[in-house]
Amino acid sequence: MPRRHVGRRLTAVVALLVFAMVVNSVVRNRAFQWDVVGRYFTTTAVLEGLLLTLWLTGVVMVLGFLLGTPLAVMRLSANPVLRTLSWGYVWIFRSTPLLVQLLFWFNIGALYPTLGLGIPFGPEFVTVKTVNLLGPTLTAVIGLTLHEAAYAAEVVRGGILSVDAGQTEAAQALGIGRPRALRRIVVPQAMRAIVPTAGNMLIGTLKGTSIVSVLAVHDLLYSVQLVYNQTYQVIPLLMVATVWYIAVTTVLGAGQFYVERHYARGSARALPPTPLRRLGIRLADLRARLERATARRG
């Protein structure tokens, strides 16, 4: 006879009741104005803000890891100067709030009105005014990239340290140089530890791009703010942004699962089942239980 889990079933029933109450309060609350949410959900302004948010997320993640990977390698270097510089970069950009960094870069013209290219302590060949060079969008890309690079460096460093040192020693014994061993042996194995954290960073960056609205960058949040400043329908417009954020993060979370599953090959005897496979197993188990119950009654 199977063991009866009375407490587990009772807890599940209570949790389902609470969930049903929350869903009922959200769906039937007229203050959310779901008809207004549906009306503005696919408007041109909202979709353009969504595209800019996705573009910012992709660019910042790519540039962040392109800068963070060399910083991680410098942090693990035997050169004390490189280690100190990398540690100092990570320390500064992880110690200051992102909003402060964005405002600093937005007002960089107060420190450097012009940027020039020329000979040090000599003549300048090209001079550009900072105000004309750094617009709100470029400022957001620079600020977010430098901030994310500090965290990406720690993610990559942690992934590299997770690989057994014997792998590097074996590569050196075979005459493989350190750069090639890092690229062909260490990093592929480190990806299994890097991908989960990098996926969380990607989702965090997607939501974190909403902070660029303080710079008047027309991302998703700023786009809905422009609309509700004219219509005064604050709650439904915020729900538009919320639903879009939830939809995009759900897609990214599903993609992260399959990427993790790909890099789990060779480290486990059997790959974790996909969500569809899990659903099929649950349905087959439920069907078998119903058949057993029907047979007992018969």
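None of the values given here were measured: they were computed from a predicted structure.

1. Considerations on the overall build of the protein chain
From N to C terminus, the protein chain includes 12 helices and 2 strands. Reading the secondary structure of the protein chain in the N-to-C direction produces α-α-α-α-α-β-β-α-α-α-α-α-α-α. Taking 19 Å as the expected radius of gyration for a compact globule of 298 residues, we find that the protein chain reaches 26 Å, considerably beyond that expectation. With the C-alpha coordinates of the protein chain rotated into their principal frame, the extents come out at 100 × 70 × 30 Å. Evaluated residue by residue, the protein chain yields a buried proportion of 29% over its 298 residues. For the protein chain, contacts bridging at least 24 residues in sequence account for 68% of all contacts bridging at least 6. When the accessible area of the protein chain is evaluated, it comes to approximately 19600 Å², of which 65% is carbon and sulfur surface. Averaging the locations of the 29 positively and 11 negatively charged side chains of the protein chain gives two centres separated by 13 Å.

2. Observations regarding the UniProt feature "transmembrane region" (unreviewed entry) in the protein chain
UniProt marks residues 49–73, 85–106 and 234–259 with the feature "transmembrane region" (unreviewed entry), using the numbering shown here. Helix makes up 100% of residues 234–259 and strand 0%, whereas the separation of the span's terminal C-alpha atoms amounts to 38 Å.

3. Things to note about the layout of surface pockets
Put simply, the second largest pocket is a space of about 410 Å³. In this structure, the second largest pocket is lined by 20 residues; those nearest its centre are F65, M191, I194, V195 and A198. Of all the secondary structure elements, the ones that give two or more residues to the lining of the second largest pocket are helix 3 (44–75), helix 7 (136–161), helix 9 (178–208) and helix 11 (234–263). Here the lining of the second largest pocket gets 9 residues from one element, more than from any other, and that element is helix 9.

4. Notes on the environment of A153
Mapping A153 onto the fold places it in helix 7. Using a relative accessible area of 1% as the deciding quantity, one classes A153 as buried. Look past the residues within four positions of A153 in its chain and what remains in contact with it is G68, L71, A72 and V90.

5. With respect to unusual backbone geometry
Look at Q33: it is not a glycine, yet its phi comes out positive at around 50°. Structurally, Q33 is set in the loop between helix 1 (6–27) and helix 2 (34–40). Positive phi, close to 60°, is recorded for Y232, a residue that is not glycine. Mapped onto the elements, Y232 comes out in the loop between helix 10 (220–231) and helix 11.

6. Things to note about the pairing of strand 2 (residues 124–129)
When you tally the buried positions in strand 2, you get 0 out of 6 residues, a small fraction of the element. With 5 bridges joining them, strand 1 (residues 114–118) and strand 2 adopt antiparallel strand pairing. Paired with L117 across the two strands is V126, which belongs to strand 2.

7. Concerning the nonpolar core
Inside soluble globular proteins, nonpolar side chains tend to come together where they are buried. Formed by 19 residues in total, the largest nonpolar core has its most connected members in L220, V224 and V240. Per-element accounting of this core gives the leading share, 7 residues, to helix 11. Non-local contacts of V240, meaning those with residues more than four positions away in its chain, are made with V37, Y40, F41, V46 and V224. F65, V163, A190 and A198 belong to the second-largest nonpolar core, a separate cluster that totals 13 residues.

8. Here we look at the packing of helix 8 (residues 165–173) against helix 9
At a closest axis distance of 10 Å, the pairing of helix 8 and helix 9 adopts a crossing angle of 155°. Here helix 9 runs roughly antiparallel to helix 8, going by the angle between their axes. Read as a crossing pair, helix 8 and helix 9 show a hand that is right-handed. Contacts between helix 8 and helix 9 involve Q167, T168 and A171 from the first element and A181, I185, V186 and Q189 from the second. When the residues that make up the contact of helix 8 with helix 9 are grouped by side-chain class, the tally is 4 nonpolar, 3 polar and no charged.

9. Section: the side chain of S213
Topologically, S213 is positioned in the loop between helix 9 and helix 10. Judged by relative accessible area, S213 falls into the buried class, the value being 14%. Ignoring anything within four residues of it in the chain, the contact list for S213 reads D219, L221, Y222 and Q225.

10. Quick notes on helix 10
Between its terminal C-alpha atoms helix 10 stretches 17 Å, which fits the 16 Å expected from 12 residues at 1.5 Å a residue. Of the surrounding secondary structure, the elements contacted by the buried residues of helix 10 are helix 2, helix 3 and helix 11. Y232 sits one or two positions beyond helix 10 and adopts a positive phi of about 60°.

Each value, and the rule that gives it
Residues numbered from 1 in each chain as written. Predicted model: local features only at pLDDT ≥ 70, side-chain atom pairs only at ≥ 80, totals over all residues. Heavy atoms only, no water. Helix = DSSP H or I, 4+ residues; strand = E, 2+ residues; numbered from the N terminus. Rg over C-alpha atoms; globule rule 2.2 N^0.38 Å. Buried < 20%, exposed > 50% of the residue type's maximum accessible area, 1.4 Å probe, protein only. Contact = heavy atoms within 4.5 Å. Areas by Shrake-Rupley, 256 points an atom, 1.4 Å probe, with all protein chains shown as cover. Lys, Arg positive; Asp, Glu negative; His and termini not counted. Charge placed at Lys NZ, Arg CZ, Asp CG, Glu CD. UniProt positions renumbered as here; feature names shortened; annotations may be inferred. 1 Å grid on protein atoms, 1.4 Å probe; cavity = no way out; pocket = protein on both sides within 12 Å on 5 of 7 lines; lining within 4 Å. Points joined across faces, edges and corners; volume = space filled by probe spheres on them. Pairing = 2+ DSSP bridges. Core = buried A, V, L, I, M, F, W, Y, C linked by side-chain atoms within 4.5 Å. Axes fitted to C-alpha atoms, helices over the stretch in contact; angles between N-to-C directions. Parallel < 35°, antiparallel > 145°, perpendicular 65-115°, else oblique. Left-handed = near helix turned anticlockwise from the far one by under 90°. Nonpolar A, V, L, I, M, F, W, Y, C, P; charged D, E, K, R; others polar. Expected span 1.5 Å × (residues − 1).

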